[in-house]
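A look at the structure
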Amino acid sequence: MKKNPHHVYLIDGSGFIFRAYHALPPLTRPDGTPVGAVLGFTNMLLKLLQETDADQVAVVFDTARTTFRNRIYEAYKAHRPEPPDDLIPQFSLVREATDALSVARIEQPDYEADDLIASYAKAAVKAGATVTIVSSDKDLMQLVSDKIQLLDPIKNRPIGAAEVKEKFGVGPEQVIDVQALAGDSVDNVPGVPGIGVKTAAELITSYGTLEELLKRAGEIKQPKRRQNLIDFAEQARISKKLVTLDADAPLPLPLDALEVKPLDRAKVTSFLQAQNFRSLLNRLEGKLKTEGAAPKAEPKPGANGAMAVAIPAGLADAKHRYELVQEKAELERWIARATEAGTVAVDTETTSLDATRAELVGVSLALEPGLACYVPLAHRAGAAGLDLGDGEKGGDLGQIPMQAALALLKPLLEDPSVLKIGHNIKYDTVVFRRYDIAVAPVDDTLLLSFVLEGGQHGHGLDELALLHFNHDTIKYKDVAGSGKSHIGFAAVPLDKARDYAAEDADYTLRFHRLLKPRLVAEHMVSFYETVERPLVPVVAQMERAGILVDRERLKELSEDFAERMAELEREIHKLAGHEFNLGSPKQLGEVLFEELKLPGGKKMKTGAYGTDASVLEDLADQHPLPARILDWRQLQKLKSTYADALVDEINPETGRVHTSYSLAGAVTGRLSSTDPNLQNIPVRTEEGRKIRRAFVAAPGHLLLSADYSQIELRLAAHVADVPALKEAFREGADIHAMTASEVFGVPLAKMDAQTRRRAKAINFGIIYGISGFGLAKQLQVPQGEAQAYIKAYFERFPGIRDYMERMRQICREKGFVETLFGRRCAIPGIKDPNPARRGFAERQAINAPLQGSAADIIKRAMARLPAALAKAGLEARMLLQVHDELIFETPEREAKATAALVKEVMEGAVGPSHSLSVPLVVETGAAQNWEEAH
């Protein structure tokens with residue numbers, strides 16, 4: 001068919017996206033990114049391009065939720081719900097699809113897509129063209145004329161003047177007046193109360209125009225309608241302004257830029273491969289144009305089989321140039337370029353994974369993808385194997401003296417106008433602080449990955465490079481060896497050190513350019529900037545501060561535990577009738593199941609019986625030996641993990657223990673503590689509490705504990721909207737006694753400890769999705785009785801049950817759940833065919849929004865506390881975070897004031913934008929040691 005040279009197609013991008021989203025079932029790429037709407041959009045756009053006779057085509061998009069209409073009427077579209085979570089990340093991808101298909105893409109800040117469509121339609125008609133608007137949106141029907149029609153893309157049905165009159169009861173020229181009267185609840189256009197589309201059409205037909213109707217409103221016979229037209233006349237005029245499309249909106253592209261272009265094989269193939277749309281690619285293979293032919297090879301999967309996201313041009317294909325900087329003048333040039341650029345990726349090579357003890361070996365910088373350098377600072381003579389390019393080896397390492405290099409780097413690293421990017425940059429900031437360099441401001445690609453794709457894969461640099469860029473990085477062991485062959489980075493030849501270190505900085509910069517824009521596209525900017533990013537310097541300072549431990553008390557505990565273990569060992573041997581190795585699961589299993597004939601023995605693949613804690617707990621009421629084994633194991637763990645190990649963890653430079661916090665560990669956002677782990681010290685046993693007593697304050701100081709009281713229960717009451725629980729929390733009631741009274745019908749005055757304990761177990765068990773079996777085991781009651789307790793609980797608090805089912809359903813549909821602040825907690829096993837694994841995932845889905853929200857809240861508090869303490873002139877330092885508790889070291893004279901301020905900041909951490917219907921309560925205590933403070 002010969003193309004009409006005067007036919008313009010204007011495609012309503014938002015309409016296309018939502019039609020595609022609702023028309024197709026959910027679909028994800030191998031890396032977990034939802035792409036169902038992208039596939040539908042791409043198919044629809046391709047079909048239209050193949051069938052249209054138009055010579056000019058454009059897809060028109062909205063850019064933001066607020067436009068000039070919000071200045072006319074602040075509440076415009078205020079009630080419109082947020083788009084579905086799995087649709088949000090697809091908005092940027094449909095724009096990429098438009099570009100890949102070589103179709104003009106139009107958007108303009110402060111204007112809606114409908115305004116741009118009106119403006120382009122007016123310009124096209126003025127140029128003598130006919131216009132087809134690909135949309136069935138009623139707001140665009142006001143544009144219909146003899147030169148402009150709408151096309152419903154799903155029904156492939158044209159919409160002309162007749163169809164508009166069928167919809168509104170008036171012709172296109174009067175649609176605006178009808179809409180102004182009737183209003184629009186979806187867009188929050190107020191209109192006139194009591195007047196719908198049918199009545200509005202009758203009135204406009206009778207009076208001709210809205211203005212004429214309002215002038216003659218007194219003639220309306222129906223009293224209420226007459227009064228509303230009089231009272232809300234100005235509201236009707238405002239509504240008309242809101243629904244009238246601005247046909248004079250600026251044109252971002254000239255009309256001739258909308259010309260239809262042939263498909264570019266390379267662009268289309270690259271896009272479809274990145275989205276893993278293999279069927280569509282195969283279907284198009286014969287139709288793609290031959291110019292710019294792209295390789296036909298399938299893309300290689302990245303880490304864990306995940307397919308890399310679409311990569312902006314210049315990131316994946318950048319050829320690298322890695323330089324070795326050995327002279328001050330060279331380093332000065334790199335620093336000058338970094339300062340001018342305003343952004344630099346930084347990475348350190350050191351002597352240890354422990355940042356508080358690590359010494360610098362070298363520093364790498366990256367300015368652009370593929371452009372990076374390595375500055376060796378402390379390589380040893382054995383590293384003088386640099387190939388100079390002509391076969392000669394450099395005998396002199398030629399390193400810039402450490403102090404001279406750091407003196408040059410310090411202004412750059414501390415420059416507030418230059419953003420320092422790192423992958424787990426917390427580590428680098430702690431290392432640099434040892435050299436009196438306070439790195440700021442910082443951005444962390446590890447956290448960007450964690451916020452965007454937490455729970456979907458690991459976030460290490462090597463894994464992300466493979467996942468996103470299909471690049472296999474140089475591994476540390478490849479240059480420095482491992483095990484007995486480990487030589488340390490200071491002994492690595494400089495050419496190998498350069499390539500390894502510069503590559504790390506290079507790919508950190510590439511990650512930043514790839515991932516940071518996704519925060520905007522996926523509406524995660526606020527979360528990242530208020531919850532995660534501010535934690536980097538705060539936690540780095542906590543790690544540097546460390547905490548004092550009483551070395552002598554730990555030694556005494558170790559001796560005490562050893563004596564008690566020996567006593568238990570003698571008792572256990574007596575119960576068994578002979579000696580055996582308590583640390584051998586094989587020997588223990590034989591004693592339990594073959595000699596003592598206890599029930600339930602199951603052999604593992606190794607041939608030995610299973611003897612883990614759950615097995616021993618089940619057997620403990622049948623024979624005293626399993627219970628004694630549990631006691632022995634508990635003491636063994638406390639002795640080896642804490643009493644002995646903590647002494648070895650004392651830093652000789654500071655005399656304190658410095659834990660390391662992972663900012664991207666648990667999918668719920670909880671910080672995790674390692675080397676040593678100070679978050680898992682048992683506190684329910686006297687022995688565990690003795691360990692906490694060994695954590696002490698410096699002379700003249702106290703340890704201050706600030707702990708959120710029952711925060712997850714409070715959050716459950718809020719999100720499940722349980723009036724009785726919310727009221728109890730607001731009144732400061734004993735929540736467990738109240739629950740027992742409500743569920744078991746026991747008056748508070750007659751509440752006994754056993755009934756309250758059962759209610760407490762249910763309260764805490766419910767938010768972890770506990771089953772009847774699990775509760776029965778915990779309370780040591782028959783399973784039927786425990787199930788009856790849960791049933792009674794749900795009958796009294798049905799909102800909790802509804803919340804649980806809602807979370808399961810949301811997780812099944814999306815693959816993740818969200819916290820109150822928008823953190824996405826991916827639950828991969830939610831559709832696992834194995835019932836046990838699926839059940840575990842469902843329990844995760846129930847608890848993750850609560851635990852994750854609690855983690856977000858304490859992080860928000862942590863981010864605010866250092867500045868609040870400094871502003872108040874208080875010297876307290878935050879030392880530890882243990883789930884819902886923060887530990888501070890404060891001068892004794894300031895303990896009371898510090899406690900009051902910390903309590904105020906923590907209780908107000910949610911902020912007005914995420915108000916809770918229950919109060920947060922923080923309990924504080926101060927003492928010479930951690931146990932007494934808590």
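Everything below is about the structure printed above this text.
Report on the accompanying structure. Numbering of residues begins from 1 in every chain and follows the order in which that chain's sequence is written. Only residues with pLDDT of at least 70 are given local features in this predicted model, and only at 80 or more are side-chain atom pairs given and counted; all residues enter the totals for whole chains, interfaces and linings. By convention in this description, side-chain values take in all heavy atoms of the structure and omit both hydrogens and water.

1. Thoughts on a negative patch on the surface
Where we set the bar: Every patch collects residues that have over 30% relative accessible area and no salt bridge, joining them within 9 Å if they carry like charges and within 5 Å if they are nonpolar side chains (Val, Leu, Ile, Met, Phe, Trp, Tyr). What sets the accessible areas is the Shrake-Rupley method with a 1.4 Å probe; for residues, cover comes only from the shown protein chains. The term salt bridge refers to a side-chain nitrogen of Lys or Arg lying within 4 Å of a carboxyl oxygen of Asp or Glu. Residues scored as positive are Lys and Arg, those scored as negative are Asp and Glu, and His as well as the terminal groups of each chain are ignored. The atoms used to mark charge sites are NZ of Lys, CZ of Arg, CG of Asp and CD of Glu. Helix and strand definitions here come from DSSP, where helices need a minimum of 4 consecutive H or I residues and strands a minimum of 2 consecutive E residues; each element is numbered from the N-terminal end. Three labels apply to residues, based on accessible area from a 1.4 Å probe with only protein chains included: buried if under 20% of the type maximum, exposed if over 50%, partly exposed otherwise in between.
A cluster of acidic residues, E552, E556, E559, E563 and E567, forms a negative patch at the surface. Inspection of the secondary structure puts E563 in helix α23 (residues 551–576). The class of E563 is exposed, set by a relative accessible area of 52%.

2. Re helix α18 (residues 461–469)
For the record, the criterion: Here, residues are in contact when the closest pair of their heavy atoms is within 4.5 Å.
L461, L464, A465, L467, H468 and F469 are the residues of α18 that are buried. For α18, the secondary structure elements touched by its buried residues are α17 (445–453) and α20 (494–521). Once α18 ends, the next one or two residues include N470, with phi positive near 55°.

3. Side note on unusual backbone geometry
Note that the residue after A440, namely P441, is joined by a cis bond; omega there is -10°. Tracing the sequence through the fold places P441 in the loop between α16 (425–433) and β12 (442–444). A cis amide bond, omega 0°, links D675 with the succeeding residue P676. Positioned with a positive phi, K597 is a non-glycine residue whose angle comes to about 60°. By secondary structure assignment, the location of K597 is in the loop between α24 (585–595) and α25 (613–619). We note that D675 has phi near 50°; this positive angle belongs to a residue other than glycine. Take D675: it is sitting in the loop between β15 (672–674) and α27 (686–693). A relative accessible area of 55% means that D675 is categorised as exposed.

4. Concerning the pattern of salt bridges
Overall, the coordinates contain 62 salt bridges when judged by the stated rule. Between D139 and K138 there is a salt bridge; the shortest N-O distance is 4.0 Å. Among the residues examined, D139 registers a relative accessible area of 14% and is labelled buried. Residue classification places K138 among the partly exposed positions, given a relative accessible area of 29%. Residues E889 and R656 are paired through a salt bridge, measuring 3.0 Å at the closest nitrogen-oxygen approach. Of this pair, E889 sits in strand β21 (residues 885–891) while R656 sits in the loop between α26 (624–649) and β14 (660–662), and the two are 233 residues apart along the sequence. Judged by relative accessible area, E889 falls into the buried class, the value being 4%. Using a relative accessible area of 9% as the deciding quantity, one classes R656 as buried. Connected through shared salt-bridge partners, R95, D99, R105 and E107 make up one network.

5. Section: the side chain of T67
Within the secondary structure, T67 is located in the loop between β2 (56–60) and α3 (68–72). Residue classification places T67 among the buried residues on the basis of a relative accessible area of 4%. Leaving out residues up to four positions away in the same chain, T67 has contacts with D110, Y111 and E112.

6. Notes on the layout of surface pockets
To keep things clear, this is the line we draw: Computed over the protein atoms alone on a 1 Å grid, cavities are sets of points where a 1.4 Å probe fits but cannot get out and pockets are open sets with protein on both sides within 12 Å along at least five of seven lines; a residue lines them when it has an atom within 4 Å of a point. Grid points are joined across faces, edges and corners, and a volume is the space filled by probe spheres set on the points. Residues are grouped as follows: Ala, Val, Leu, Ile, Met, Phe, Trp, Tyr, Cys and Pro are nonpolar; Asp, Glu, Lys and Arg are charged; all remaining types, including Gly, are polar.
Within this model, the largest pocket holds a volume of roughly 2,200 Å³. Lining the largest pocket are 43 residues, with V683, R684, K760, F764 and Q778 positioned closest to its centre. Those elements giving two or more residues to the lining of the largest pocket turn out to be α25, β17 (701–708), α28 (711–719), α31 (753–766), α32 (772–779) and β22 (922–927). Among the residues forming the lining of the largest pocket, the class breakdown is 15 nonpolar, 14 polar and 14 charged.

Any functional reading would require information beyond the geometric quantities listed.
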